Amino acid sequence: MMKIIFATGNKDKMAEIREIMEDLGYECSSMKEEGIESDPEENGTSFEENAVIKAQAVYDIAKARGIEAIVMADDSGLEIDCLNGEPGIYSARYLGRDVPYSVKNADLIKRTDESGDPDRTARFVCAVAAFFPDGTHEVVRGTVEGVVAHTPSGNRGFGYDPIFFLPDRGCTTADLTNEEKNAISHRGNALRMMKEILVKKYHS
Ligand code: IMP
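Residues numbered from 1 in each chain as written. Predicted model: local features only at pLDDT ≥ 70, side-chain atom pairs only at ≥ 80, totals over all residues. Heavy atoms only, no water.

## As for a negative patch on the surface
This is how the line gets drawn: Candidate patch residues must exceed 30% relative accessible area and have no salt bridge, after which like charges are joined if within 9 Å and Val, Leu, Ile, Met, Phe, Trp or Tyr side chains if within 5 Å. Exposure was quantified through the Shrake-Rupley algorithm and a 1.4 Å probe, taking into account, for residues, occlusion by the shown protein chains and nothing else. By convention in these notes, a salt bridge is any Lys or Arg side-chain nitrogen within 4 Å of a carboxyl oxygen on Asp or Glu. Positive residues here are Lys and Arg, negative ones are Asp and Glu, while His and the chain termini are left out of the count. To locate a charge, the coordinates of NZ of Lys, CZ of Arg, CG of Asp or CD of Glu are taken. To qualify as a helix, a DSSP run of H or I must reach at least 4 residues; to qualify as a strand, a run of E must reach at least 2; elements of each kind are numbered from the N terminus.
Residues E19, E22, E179 and E180 make up a contiguous surface patch of negative charge. Along the polypeptide, E19 turns up in helix α1 (residues 11-21).

## Focus: the environment of R111
Formally: The classification of residues rests on relative accessible area computed with a 1.4 Å probe and restricted to protein chains. Under 20% of the type maximum is buried, over 50% is exposed, and intermediate values are partly exposed. It only takes one pair of heavy atoms within 4.5 Å for two residues to be counted as in contact. Two N or O atoms form a polar contact when they lie within 3.5 Å of each other; inside protein one atom must be a possible hydrogen donor and the other a possible acceptor, and for residues adjacent in sequence the pair counts only when both atoms belong to side chains.
Its location among the elements puts R111 in helix α3 (residues 101-115). The class for R111 is partly exposed, based on a relative accessible area of 26%. With 33 residues separating them along the chain, R111 and V144 place their C-alpha atoms 21 Å apart. In this view, R111 contacts L83, E86 and Y94; residues no more than four positions away in its chain are not counted. In terms of polar contacts, R111 uses its side chain to reach the side chain of Y94, at 2.9 Å.

## Quick look at the site of the ligand
The following threshold applies: Residues are counted as near a molecule or strand when any one of their heavy atoms sits within 4 Å of it. Gly falls in the polar group here, along with every residue not listed as nonpolar (Ala, Val, Leu, Ile, Met, Phe, Trp, Tyr, Cys, Pro) or charged (Asp, Glu, Lys, Arg).
Surveying the vicinity of the ligand reveals 16 residues, the closest of which are K13, S76, Y101, D161 and K181. D161 has a polar side-chain atom sitting 2.9 Å from a nitrogen atom of the ligand. Within the side chain of H186, one N or O atom sits 3.0 Å away from a nitrogen atom of the ligand. Coverage of the ligand by the protein amounts to 88% of the 480 Å² it exposes when considered alone. Listing elements by their share of the shell around the ligand, those giving two or more residues are β3 (70-80) and α5 (186-202). Counting residues per element, the shell around the ligand draws most heavily on β3, at 3 residues. Partitioned by chemical class, the residues of the shell around the ligand number 5 nonpolar, 5 polar and 6 charged.

## Points about the packing of α1 against α5
Filter applied, for reference: As a rule, the C-alpha atoms of each element are fitted with a line to give its axis, helices using only the stretch in contact, and angles between N-to-C directions run from 0 to 180 degrees. By definition in this entry, angles of less than 35 degrees are roughly parallel, angles greater than 145 are roughly antiparallel, angles of 65 to 115 are roughly perpendicular, and the rest are oblique. Left-handed describes a crossing whose near helix is turned anticlockwise from the far helix through less than a right angle; right-handed describes the clockwise counterpart.
The interhelical angle for the contact between α1 and α5, taken along N-to-C directions, is 40°, at an axis separation of 10 Å. Judged on the interaxial angle alone, α5 and α1 are oblique. Here the hand of the crossing between α1 and α5 comes out right-handed. When α1 is examined against α5, the residues K13, E16, I17, I20 and M21 are found in contact with a partner set consisting of R187, G188, L191, R192, K195 and L198. Here the contact of α1 with α5 is composed, by residue class, of 5 nonpolar, 1 polar and 5 charged.

Below is the structure:
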C-alpha cells in the first residue's frame, strides 16, 4: 500500500489530510508518528519554496531509512493587499513567534484601518509540496479570498481566523466549524489539488 508521510506534528492538520486523502486508500502518517524529527530553516522567498524545503528535508530522512513513501509538507499564511502582502511567509513569525495572536490581529486591523483601503482585501494561501518515490516533486497553491474584519470575531480555528472575514458568508473563518472551514480553506483547496495529481500519477 502506498504511504503518505506529512511533514507536520500538528494533529488538526493530520485530521484534515486524512479526511481529504481517505478515499485514495493510502496509509497517512505524520513525521512525528514515523519517529522523524525535522525542523529545517525556512529560508525560501515564497510559500512554495518553503513547502519544498520542509518536504525535501523529511523525504531525505525517510529515504535514508529505507522508507518508501510520498512525503508532503505545507506552508501557509495570510496576505493583506494594502500591506503589500504582509504578513505573508512571515505569518507565524509576525511581531515575534511567541506574541499572542490577539496582539498580532489587533495590530493588523490597526494597520489596515490606517492604510485607508476601503476594500481591505486579503487571502489565506497554502502551498503543498509532495516528493514522490521516483525522485520527482510537485507543488501546488490553494487560496481563499476574504477581507480584514474591523473587529475580531469567532472562537474557533486558530491564528488569524478571527480577523479573516468572508463577505459572502457574513462571518470570519473563526466562526466556522472545522468541517465548514476545511471545505473552503486554502489548505483544503491545496490538498484537493495535490490529490488530483496523485490520482493522475498513480491511478490513470
Ligand atoms: P505554517 O504553515 O504552519 O507555518 O503556518 C503559518 C502561519 O500562518 C500560522 O502560524 C498562522 O499564523 C497563519 N495561518 C495559516 N493558515 C491559517 C488558518 O487557516 N487560519 C489562521 N491562520 C493561519
